[in-house]
Amino acid sequence: MRDSRLVSFVLLVGLLVTTAASACPNCETSQVVKASVLGEDFWRYLVMMVVPFLFIGAVSAYLYRIGLPR
Amino acid sequence: MAGIPRHQGALISAGVLLGTGLGGFVDGILLHQLLQWHSMLSSQLPPTDLVTMKVNMFWDGLFHAFTWLMTVMGLGLLWRAGQRPEVPWSTRTFVGALSMGWGLFNVVEGLIDHHLLGIHHVHPGAGQLAWDVGFLLFGALLVGAGWGLIRAGRRDTRPRGAPVSTVRERLVERRA
């Protein structure tokens with residue numbers, strides 16, 4: 001019972017926050033920002049951002065294997 | 001614990017991911033937000049007006065999202081490690097792995113984003129290279145220290161939940 005009330009509260013707060021954040025989705029500034037973010041460089045920047053994390057994930061997997069029992 | 005194979009790797013891999021998360025959040029919170037030295041794309045798209053600031057903020061947010069994911073994965077691996085009796089619950093190993101993860105983040109992110117791609121620098125302007133190299137050296141130091149702790153932790157065999165003897169108990173045992 002407490003869990004469901006807590007979940008409902010969290011969802012409501014999330015809804016309010018996102019509503020406030022998108023208070024002006026059609027403003028010129030928002031349109032320009034959206035166009036810039038989702039422009040032709042989007043995938044390039046995304047790949048550049050993800051690569052370090054993928055590399056570290058691979059290192060973590062490797063360390064898991066070399067730490068296996070002998 | 002004698003005769004039970006020791007699987008240090010499970011704790012190390014969890015610690016490395018958690019350490020990466022810690023390092024990523026220190027970078028994001030301290031350098032991006034509190035000190036505002038740089039943003040994710042501040043060398044390619046300098047945040048000089050509202051639009052460029054918002055664009056950089058989006059990419060900073062995405063960076064934080066990936067850092068959060070690393071932290072969640074690390075927590076999951078740590079939980080699984082804690083459920084396996086063959087994983088020695090070694091403080092040295094775990095702290096060493098955390099240090100190594102943080103250091104790895106600095107080195108890998110520093111090399112790729114600061115030096116190879118140049119999408120941002122630690123502290124742009126005068127002394128930019130010194131700050132970038134310092135960031136790398138700090139990371140290398142953390143990796144070295146972490147590796148040393150992990151190697152020292154190979155001697156630890158106490159399983160999770162086993163009682164930890166206090167300093168007083170160890171002194172009493174020695175006197176007896």
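Residues numbered from 1 in each chain as written. Chains lettered and ligands numbered in written order. Predicted model: local features only at pLDDT ≥ 70, side-chain atom pairs only at ≥ 80, totals over all residues. Heavy atoms only, no water.

S.K.: Where do I start with the overall build of chain A in this structure?
M.R.: Each helix and strand counted, chain A has three helices and zero strands in total. Its helices and strands taken in sequence order, chain A reads α-α-α from the N to the C terminus. Residues counted as buried form 20% of the 70 residues belonging to chain A. Here chain A has roughly 5,500 Å² of accessible surface; of this, 68% comes from carbon and sulfur atoms. (Helix = DSSP H or I, 4+ residues; strand = E, 2+ residues; numbered from the N terminus. Buried < 20%, exposed > 50% of the residue type's maximum accessible area, 1.4 Å probe, protein only. Areas by Shrake-Rupley, 256 points an atom, 1.4 Å probe, with all protein chains shown as cover.)

S.K.: In this structure, what is going on with the pattern of salt bridges? I would like to understand it.
M.R.: The tally for this structure, following the rule as stated, stands at three salt bridges over all chains. In this structure, Asp 41 of chain A and Arg 44 of chain A form a salt bridge, with 3.5 Å as the shortest nitrogen-oxygen distance. In this structure Arg 44 of chain A comes out as partly exposed when scored by relative accessible area, which is 41%. The partner of Asp 156 of chain B in a salt bridge is Arg 92 of chain B, with the nearest N and O atoms 2.7 Å apart. Within this pair, whereas Asp 156 of chain B is found in the loop between α4 (128-152) and α5 (167-175), its partner Arg 92 of chain B is found in helix α3 (residues 91-116), the two being separated by 64 residues in sequence. In this structure Arg 92 of chain B comes out as partly exposed when scored by relative accessible area, which is 30%. (Salt bridge = Lys/Arg side-chain N within 4 Å of Asp/Glu carboxyl O.)

S.K.: Where do I start with the interface of chain A and chain B in this structure?
M.R.: When the parts of a complex come together, some accessible area is lost, and that lost area is often taken as the interface size. With 26 residues of chain A at the interface, the matching set in chain B holds 37 residues. Interface area for chain A against chain B, summed over the two sides, is near 2,700 Å², with a carbon-plus-sulfur share of 83%. Interface area lost by chain A to chain B is led by Met 49, Phe 53 and Ile 56 of chain A, which between them contribute 25%. At the level of secondary structure, the elements contributing two or more residues to the side of chain A that touches chain B comprise α2 (28-37) and α3 (42-66) of chain A. The biggest single contributor to the side of chain A that touches chain B is α3 of chain A, with 17 residues. Per-class residue counts for the side of chain A that touches chain B are 19 nonpolar, five polar and two charged. (Contact = heavy atoms within 4.5 Å. Buried area = accessible area lost by both parts, 1.4 Å probe. Nonpolar A, V, L, I, M, F, W, Y, C, P; charged D, E, K, R; others polar.)

S.K.: Sorry, what's going on with the confidence of the model for chain A here?
M.R.: Caution applies to low-pLDDT parts of the model: their predicted coordinates are not meant to be read in detail. All names here are of chain A. Chain-level pLDDT for chain A is 76 on average; 67% of the residues reach the 70-or-more range. Here helix α1 (residues 2-21) stands out as the least confident element of chain A, with mean pLDDT 59; α3 is the most confident, with 90. Scored below 50 in pLDDT, residues 17-21 makes zero contacts in the model with residues more than four places away or belonging to other chains. (pLDDT = per-residue confidence, 0-100.)

S.K.: Please clarify how the packing of α3 of chain B against α4 of chain B should be interpreted in this entry.
M.R.: Any two packed helices are characterised by how steeply their axes cross, that is the angle between the axes, and by the distance between the axes. Residue and element names in this part refer to chain B. The contact between α3 and α4 brings their axes to 7 Å, and the two run at 155 degrees. It follows from the interaxial angle that α3 and α4 lie roughly antiparallel. Here α3 and α4 pass one another in a crossing that is left-handed. For the contact of α3 with α4, the class distribution of residues is 20 nonpolar, ten polar and three charged. (Axes fitted to C-alpha atoms, helices over the stretch in contact; angles between N-to-C directions. Parallel < 35°, antiparallel > 145°, perpendicular 65-115°, else oblique. Left-handed = near helix turned anticlockwise from the far one by under 90°.)

S.K.: Just to check I follow, could you spell out the layout of surface pockets for this structure?
M.R.: By rolling a water-sized probe across the atoms, one finds the places where empty space is left. Residues and elements named next belong to chain B. Roughly 350 Å³ of volume is contained in the largest pocket. Contributing elements (two or more residues each) for the lining of the largest pocket: α1 (8-34) and α2 (50-82). When residues of the lining of the largest pocket are assigned to their parent elements, the largest contribution, six residues, is made by α2. Taken together, the residues of the lining of the largest pocket sort by class into four nonpolar, nine polar and one charged. (1 Å grid on protein atoms, 1.4 Å probe; cavity = no way out; pocket = protein on both sides within 12 Å on 5 of 7 lines; lining within 4 Å. Points joined across faces, edges and corners; volume = space filled by probe spheres on them.)

S.K.: Is there a simple way to think about the environment of Gly 28 of chain B in this case?
M.R.: Relative to the helices and strands, Gly 28 of chain B is located in helix α1. Look past the residues within four positions of Gly 28 of chain B in its chain and what remains in contact with it is Gln 33, Phe 63 and His 64 of chain B.

S.K.: Sorry if this is basic, but what is going on with the UniProt feature "transmembrane region" (unreviewed entry) in chain A here?
M.R.: Under the UniProt annotation, the feature "transmembrane region" (unreviewed entry) is placed at residues 42-64 of chain A. Here residues 42-64 of chain A is 100% helix and 0% strand, with 33 Å between the C-alpha atoms at its ends. (UniProt positions renumbered as here; feature names shortened; annotations may be inferred.)

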